[in-house]
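The lines below spell out each chain.
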Amino acid sequence: LPGVKIPAQIVRVGNEASLSTRTYPVTIVMQQPEEGVIQPGMAGRATARVRLPEGFEDTGIQIPVAAVFSPNTTATDETFVWVIDPNDSTVSAQQVTVAAFADRGLLVTGLTPGMRIATAGANTLTEGQEVRLLSDEE
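(A) How the structure looks around the packing of aromatic side chains. Summed over the entire model, instances satisfying the criterion amount to two aromatic pairs. Measuring from centroid to centroid gives 4.8 Å for phenylalanine 69 and tryptophan 82, while their planes differ by 10°, and the two rings are stacked. One end of the pair, phenylalanine 69, is in the loop between strand S3 (61–63) and strand S4 (79–84); the other, tryptophan 82, is in strand S4, with 13 residues separating them in the sequence. Each of the two residues, phenylalanine 69 as well as tryptophan 82, counts as buried. Every member of this aromatic cluster is reached through a ring pair, and the members are Phe69, Phe80 and Trp82.

In structure tokens form, the structure reads like this:
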């Protein structure tokens, strides 16, 4: 159903990440759209808007586990995210410190409010690579 947007609610976020993808399963619930019928096995894309809680600056920022990578496999305590330059949509590595596991990913320090980070493909991106941003309408 290309172009059909269906409002949904997150009802469950898994508490164990996949070893291969470092992602958590998410279960959403939605009503059948008027434009067609969603059937088992159909694929789609889900996007979400996240509101940071008050006082998040004091404890860190929650980000998806899949956004974090470690370029040095022997020093896995060195963790990074790809920060997206708003001018040219290229990425650069930004070191972050993982403070804790959180209910929706990792609580990190080292980012500032307003930074955009890559949340998919962290282990395959390279410094200066141009990325495509999902628009607010997707």
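There is more to say, and it comes next.
(B) Region of interest: the confidence of the model for the protein chain. When pLDDT is averaged across the protein chain, the result is 83; 87% of the residues are at 70 or more. The secondary-structure element of the protein chain with the lowest mean pLDDT is helix H1 (residues 56–59), recorded at 61, while S4 shows the highest, at 94.

(C) Region of interest: the environment of glutamine 62. Within the secondary structure layout, glutamine 62 lies in strand S3. Between the C-alpha atom of glutamine 62 and that of valine 108, which follows or precedes it by 46 residues, the distance is 6.3 Å.

(D) View of the sheet that holds S3. One open sheet holds the five strands; their spatial order is S3-S6-S5-S4-S7, and the pairing between them is antiparallel. In this open sheet, the two edge strands, each paired with only one partner strand, are S3 and strand S7 (116–117). As judged from the six bridges shared by S4 and strand S5 (residues 91–102), these two strands associate in the antiparallel manner. Note on S5: the bridge partner recorded for valine 83 is serine 92.

Each value, and the rule that gives it
Residues numbered from 1 in each chain as written. Predicted model: local features only at pLDDT ≥ 70, side-chain atom pairs only at ≥ 80, totals over all residues. Heavy atoms only, no water. Phe/Tyr/Trp six-rings, centres within 6.5 Å; stacked < 30°, edge-to-face > 60°. Helix = DSSP H or I, 4+ residues; strand = E, 2+ residues; numbered from the N terminus. Buried < 20%, exposed > 50% of the residue type's maximum accessible area, 1.4 Å probe, protein only. pLDDT = per-residue confidence, 0-100. Pairing = 2+ DSSP bridges.

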